[in-house]
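Overview (structure and organization)
Spelled out, the chains give:
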Amino acid sequence: MFGHISDELCQLILTINFASISPVLSLIGLCGNIINIIVFMTQGFNDTVNISLLALAVSDMGVLLNNLIIAIFNNPILLSANISIEPREFQSSVAGLPIASFSKITSWITAYITFERCLCVVVPLRVKRLVTPKLVVFIMVSIYVMMFATLIPEYMTFYLDWKYFPDRNKTLIGMVPRRYSDAVIGITFTIHTFSQFLSFSLIILFTVILIAELQQKSKWRSKSISGAVQAMKIMDKKESKTIKMITAIAVIHILCYFPAIIDLLIAVTVPEFYIVGLYKNSFLIAFSLPNLFECLYSSLSIFLYYRMSTKYRQICNDIFKPMKIKTF
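Just so it is clear, the structure is predicted and the values come from calculations on it, not from any experiment.

**Concerning the environment of Gly29**
Relative to the helices and strands, Gly29 is located in helix H1 (residues 7-43). Classification of Gly29 by relative accessible area gives buried; the value is 0%. Gly29 sits 34 residues away from Val63 along the chain, and the two C-alpha atoms are 9.7 Å apart. Beyond its immediate stretch of four places on either side in the chain, Gly29 contacts Leu64, Ser298 and Ser299.

**Focus on the UniProt feature "transmembrane region" (unreviewed entry) in the protein**
Mapped onto the present numbering, the UniProt feature "transmembrane region" (unreviewed entry) falls at residues 12-39, 51-73, 93-115, 135-156, 184-212, 245-270 and 282-306. The distance from the first to the last C-alpha atom of residues 12-39 is 39 Å, and the span holds 100% helix and 0% strand.

**Brief notes about the packing of aromatic side chains**
Within the structure shown, the criterion is met by nine aromatic pairs. Here the aromatic rings of Phe115 and Phe206 are separated by 5.4 Å at their centres, their planes lie at 45 degrees, and the arrangement is tilted. Of this pair, Phe115 sits in helix H4 (residues 87-122) while Phe206 is found in helix H8 (residues 181-223), placing the two residues 91 residues apart along the sequence. Residue Phe115 is classed as partly exposed on the basis of its relative accessible area of 33%. Its relative accessible area of 12% is what places Phe206 among the buried residues.

**Structural notes on the pairing of strand E1 (residues 158-165)**
Of the pairings in the sheet, the one linking E1 to strand E2 (residues 170-177) comprises eight bridges and is antiparallel in character. Its bridge partner being in E2, Lys163 is matched across the sheet by Leu172. The antiparallel hairpin formed by E1 and E2 contains four residues in its connecting segment, where Asn169 sits at a positive phi of about 55 degrees.

**Let's talk about the environment of Glu239**
Examined against the element boundaries, Glu239 turns out to sit in helix H9 (residues 227-269). Judged by its relative accessible area of 25%, Glu239 falls in the partly exposed class. Distance from Glu239 to Arg117, taken between C-alpha atoms, is 9.2 Å for residues 122 residues apart in sequence. Residues within four places of Glu239 in sequence aside, it is in contact with Arg117 and Cys120.

**Here we look at the pattern of salt bridges**
Overall, the coordinates contain two salt bridges when judged by the stated rule. Between Lys163 and Glu89 there is a salt bridge, with its nearest N and O atoms 3.3 Å apart. Note that Lys163 is positioned in strand E1 and Glu89 in helix H4, a separation of 74 residues in sequence. The closest approach of N and O atoms between Arg117 and Glu116, which form a salt bridge, is 3.3 Å. One exposure class covers both Arg117 and Glu116, and it is buried.

Thresholds, definitions, all that
Residues numbered from 1 in each chain as written. Predicted model: local features only at pLDDT ≥ 70, side-chain atom pairs only at ≥ 80, totals over all residues. Heavy atoms only, no water. Helix = DSSP H or I, 4+ residues; strand = E, 2+ residues; numbered from the N terminus. Buried < 20%, exposed > 50% of the residue type's maximum accessible area, 1.4 Å probe, protein only. Contact = heavy atoms within 4.5 Å. UniProt positions renumbered as here; feature names shortened; annotations may be inferred. Phe/Tyr/Trp six-rings, centres within 6.5 Å; stacked < 30°, edge-to-face > 60°. Pairing = 2+ DSSP bridges. Salt bridge = Lys/Arg side-chain N within 4 Å of Asp/Glu carboxyl O.

Structural data, given as structure tokens:
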């Protein structure tokens, strides 16, 4: 079923997804995440949540920047230009592999954030001593290092060189697989698949726990009437707002990354499902759809933070208030 997608249909879908919708989402998301980084840095690094969300904003920018590169190389003007490179294969090596790494970083950071909120629910009195800002910084750096390390064997499976493309009747610079590429690709694909499925499963698990906790706290607040308990409710309400925001982030992540999980299931069951494989067109289309949803996820964060975080909204308004005054 995958072998019957024509080059014309493939190009039409890629043009709509990559050259039309994707750049708009990426530009919006880049502007939003620049604001996110400024706000979180203004808030400081005493709050562990700020550190995690800052790391998430940097990862989202990596997704969006690489997506812009992919959009450029899938532009019909560049595809039809008389250049010496094969745009799709070149963009796969330059941006396709890094964007997959940044997507995994985003998933693992989201998994950690939900896990930390679960700790606040299970051991609220001990979590401040257990989870320090230095520990969170170490965890965030470790996630980045480990996910980037997975790129090394990926880049060992091919090299860029001149090769003949029968469909274009041209010799262009493209991805030439190495002799041992099949064995290495099998290992890296297993690692990538395991990492993606594990982080996705953990996000679902921790999100279910957080939703259950929110429901329990809501019932507890409705039954509490004493003055002392009312004071505790004010502190509890702040924590509940944070939990609600983290839960919303996790739910949106699950919805937006679900198509990527479906892609992985297809890749597991269908051979030759790769950029240089037999089902190249199917792979490109299947890659473009989850990529749009991942860009959507990376672009929605600013609206979510502004709507659900009072402190974020106040700092954001303070930053842009002088700009509003100068415009009048």
